[in-house]
Amino acid sequence: MTSYFIRRLLLVIPTFLGITLLVFAVTRVVPGGPIERAMNEALLAQTDSAQMIDMNSVAGAALSEDQLAELRAYYGFDKPWHESYVIWLGRVMQLDLGMSTRYTEPVWDIIKNRFPISIFYGITTLILTYAVCIPLGIAKALRHNSVFDNATSAVVFFGYALPGYVVAIALLTALASAWEWFPLGGFVSDNFDQLSTLDQAIDILYHATLPLIAYLAGSFAVMTFMVKNSLMDNLSSDYVRTAIAKGMPFKRAVFRHALRNSLIPVATSFGQLISVIISGSFLIEKIFNIDGFGLLGFESLVERDYPVVMGILVISSLLFLVGNILSDICVAIVDPRVKFGENGS
Amino acid sequence: MAALLEVRGLRAGFDTDTGYIEVLDGVSFELAAGETLGLVGESGCGKSVSALSVMNLLPQPAGKITAGSIGFQNRDLVTLPKEEFHDVRGNRISMIFQEPMTALNPVHRVGNQIIEAVKLHEPNLSSAIARRRALEMLERVGIPAPDQRLKEYPHQLSGGMRQRVMIAMALTMQPDLLIADEPTTALDVTIQAQILDLLREMQRESGMAILFITHDLGVIAELCDRVTVMYAGCVVEQATVTQLFSTPRHPYTQGLLRSIPRLDATPKQPLTTIPGTVPALIDMPAGCRFRNRCLNAEDDCELRSPDLIHAAGRQIACHHPVAEVMP
């Protein structure tokens, strides 16, 4: 089994190279980018003074050939893309993600600042999802087709059917704008640094309530039903009947025998959820003015801030790849039948 | 004969989307202490439903017993409260199932599953003693290297070994009655013979009664003292093994026995079958349920379903039984 996981870890390398190579190549092909942005900026500066002149000639004249060449060299566009990729990769190996073309700050610093926010939302969402879905799924399986089961299904699917950003806007207009129960946005208050630790925690929760509801509204359906259906499968299985035939009360058979088997598919999803932690939803972040990963990624794409795009890609793809391996480890822990890499399986 | 288990007029069935379907139409049989009773009949005749009714293990919430009684050690299992049933199941009555592949929990160690059976009924027993009991049971059912097997998971054992584990688990509390629901159907013939030998040996040691459910008349002949033949939810004939095999009285029993391929028959002949098919549960004919396929059927078979009556040391439910001598 150890050799299987070593092999899996080694496979991360080519997969990672593939992902970054592809995206790097795409950033070179699509129109726009820091050079054009610099040209536009120069153009805007000039059009103020020379208004009625033909646009092309102005753009050409805004920056001299020398200046353009200098810019290309600065951003690494003077070399063929594969050469630049190798240089970029070499820097990444030394944990240097480069400089943002938009903020002229190191990419790592920008990403680092967003980490606490995204990790807070990610982990809270993860914990709340498990904390609600597993007990709810169990209760629904045990009371299949009851009023409780049907009512909770309706609620869960209602949440699933509503897009998160719609929930976000509705909450914001009602609870934050009209009734002013919650702040309009942001991660913490402006005077956060002056608050005591307890007040700081309350302040974070106060700001986080509405975004969390928006994040969570749609996330219960899939896992709740995964738990419910797989528990129902296991409840009708022969070994649960065996347990009852041994003299075990039904309730105990559910928790001792059926439940563990039902959590195997849930364990499979664990690794994927880890990468969800940092992806976030840019729409919800935008609506609540939260400086998280989703918003950063979206804005840097729109602004053609390629070093940041690549930096986010490096971190999210690594998390995703490691998350997949973690899923496999989780499955191997809960299911003794799973023995990776032995007997050719 | 003081009966250990006495099933009287048992009616049971299932609620389905199209309504209630009755599977057992007044089943009666009894079993003396230490005796082995074979319950035989084709698929869907209600053998397993009868057995599951005794254990109160009918699939819930669809399955239910609507009438009749199941007497066991001065208790009626039909009306026994759920809490008291935990004390009967796995303790006084145990059950083994057809599919040893799925009857054990795949994610728990074999040893723990046996220890659990002990601890359920003797919660004050120390873990060490419970473990030793499990070990002894594995040894008794003939599992080699039981020490090591205790720590293994079900998927690491063969089908025959798993059925032995099931038997060990069922017998840890030395039950008075073992219900075996086609325990050898899923196994190879050689393993089948080993399991039957094991059951016989276990019975000799402990003196328990066995209710053996099968559609294999060969197994019945080998293991059982008496046989109850079921057809479409009814008991049609009940007799000792010798009586039944030498002189079957019910036309259905006779048909079953004739359907067994014989070594001394002329080779290359088509196998004898009973013409027609079993009537559907939702569309049971009035009168005798076997009359559509019966060679002896007459007009009165349609009017009244035959009662199970005692006749010359056996019980039979037929208006026109075949003569004592097998033609």
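Along each chain, numbering runs from 1 in the same order as the chain's sequence is written. Here every chain gets a letter starting at A, and every ligand a number starting at 1, in the order they are written. Owing to the predicted nature of the model, reporting of local features is limited to residues with pLDDT of at least 70; listing and counting of side-chain atom pairs is limited to 80 or more, with chain, interface and lining totals taken over all residues. Think of the side-chain values as coming from all heavy atoms in the structure, minus any hydrogens and water.

**Some details on the overall build of chain B**
Thought 1: A count of helical and extended segments in chain B gives 12 helices and 12 strands.
Thought 2: For a compact globule of 327 residues, the expected C-alpha radius of gyration is about 20 Å, and chain B comes in at 21 Å, within 12% of that figure.
Thought 3: A principal-axis box enclosing the C-alpha atoms of chain B has dimensions of 65 × 50 × 40 Å.
Thought 4: Three labels apply to residues, based on accessible area from a 1.4 Å probe with only protein chains included: buried if under 20% of the type maximum, exposed if over 50%, partly exposed otherwise in between. When the 327 residues of chain B are sorted by exposure, 52% land in the buried category.
Thought 5: Methods summary: accessible areas were calculated by the Shrake-Rupley approach with a probe of 1.4 Å, and residue burial reflects only the protein chains presented. With the model as given, the accessible surface of chain B reaches about 14600 Å², and the carbon-plus-sulfur share is 52%.
Thought 6: Note on charges: Lys and Arg go in the positive column, Asp and Glu in the negative column, and His and the chain ends are not counted at all. The location of each charge is read from NZ of Lys, CZ of Arg, CG of Asp or CD of Glu. For chain B, the distance from the average site of its 30 positive side-chain charges to the average site of its 38 negative ones is 5 Å. Per the convention used, a helix needs a DSSP run of H or I reaching at least four residues, while a strand needs a run of E reaching at least two, with both numbered from the N terminus. The reference for a compact globule is 2.2 Å times residues^0.38; the radius of gyration itself is calculated from the C-alpha atoms.

**Considerations on the side chain of T224(A)**
Thought 1: Counting through the fold element by element, T224(A) comes out in helix α10 (residues 220-235).
Thought 2: Whether two residues touch is decided by their heavy atoms; if any such pair falls within 4.5 Å, the residues are in contact. Ignoring any residue separated from it by four or fewer positions in sequence, one finds T224(A) in contact with C133(A), L136(A), G137(A) and K140(A).

**Here we look at unusual backbone geometry**
Thought 1: For R304(A), which is not glycine, the phi dihedral falls at a positive 55°.
Thought 2: Within the secondary structure, R304(A) is located in the loop between α15 (293-302) and α16 (306-334).
Thought 3: For R304(A), a relative accessible area of 28% translates into the label partly exposed.
Thought 4: Not every positive phi belongs to a glycine, and E182(B) is a case in point at roughly 45°.
Thought 5: Here E182(B) lies in the loop between β7 (177-181) and α8 (189-206).

**Topic: the sheet that holds strand β5 (residues 75-76) of chain B**
Residues and elements named next belong to chain B.
Thought 1: DSSP-based pairing: two strands are paired if at least 2 bridges between them are found. Ordered in space as β2-β1-β4-β5, the four strands form an open sheet in which the pairing is antiparallel. The open sheet has two free edges, formed respectively by β2 (19-32) and β5, since each of these has just one partner strand.
Thought 2: Two strands pair when backbone bridges link them, and strand β1 (residues 3-16) and strand β4 (residues 63-72) are joined in this way by eight bridges, in the antiparallel orientation. Considered in β4, the bridge of G13 is made with K64.

**Things to note about the pairing of strand β6 (residues 93-96) of chain B**
Residues and elements named next belong to chain B.
Thought 1: By the alternation rule, side chains of β6 split into I93 and M95 and S94 and I96, which are all buried.
Thought 2: Note: β6 against β7, four bridges, orientation parallel. Its bridge partner lying in β7, I93 is registered against L177.

**Here we look at the pattern of salt bridges**
Residue and element names in this part refer to chain B.
Thought 1: Take a side-chain nitrogen of Lys or Arg and a carboxyl oxygen of Asp or Glu: if they are within 4 Å of each other, that pair is a salt bridge. Here the structure, examined in full by the defined rule, presents 27 salt bridges over all chains.
Thought 2: A salt bridge links E122 to R133, with the nearest nitrogen and oxygen atoms 3.2 Å apart. With E122 in the loop between α4 (110-121) and α5 (127-140) and R133 in helix α5, the pair connects residues that are 11 residues apart, well separated along the chain.
Thought 3: One network of salt bridges, in which partners are shared, links E6, R8, E30, E35 and R226.

**Considerations on the nonpolar core**
Thought 1: The biggest cluster of nonpolar side chains holds 122 residues, and the ones touching the most others in it are L5(B), L77(B), I93(B), L177(B), I179(B) and F212(B).
Thought 2: Broken down by element, the residue count for this core peaks at eight residues, all from helix α7 (residues 159-171) of chain B.
Thought 3: The contacts of I93(B), once residues within four sequence positions are left out, are V54(B), M55(B), F72(B), L77(B), V88(B), P175(B), L177(B) and I179(B).
Thought 4: Joining through side-chain atoms within 4.5 Å is the link that ties buried Ala, Val, Leu, Ile, Met, Phe, Trp, Tyr and Cys residues into a set, and such a set is a nonpolar core. Among the nonpolar cores identified, the runner-up in size contains 24 residues, and F293(A), I312(A), L321(A) and I325(A) belong to it.

**A closer look at the interface of chain B and chain A**
Thought 1: Counting residues at the interface gives 24 residues for chain B and 21 residues for chain A.
Thought 2: Each partner contributes to the roughly 2100 Å² buried at the junction of chain B and chain A, and carbon and sulfur atoms together form 60% of this total.
Thought 3: Taken together, the connections running from chain B to chain A amount to two salt bridges.
Thought 4: Note that R256(A) and E116(B) form a salt bridge whose closest N and O atoms lie 2.2 Å from each other.
Thought 5: Sorting the residues of the side of chain B that touches chain A by element identifies α3 (100-103), α4 and α7 of chain B as the ones contributing at least two each.
Thought 6: No other element matches the five residues that α4(B) contributes to the side of chain B that touches chain A.
Thought 7: Gly counts as polar in this scheme, as do all residues outside two lists: the nonpolar Ala, Val, Leu, Ile, Met, Phe, Trp, Tyr, Cys and Pro, and the charged Asp, Glu, Lys and Arg. Here the residues of the side of chain B that touches chain A are counted per class, giving 13 nonpolar, eight polar and three charged. What counts as buried area is the accessible surface, traced by a 1.4 Å probe, that two parts surrender upon association, with contributions from both included.

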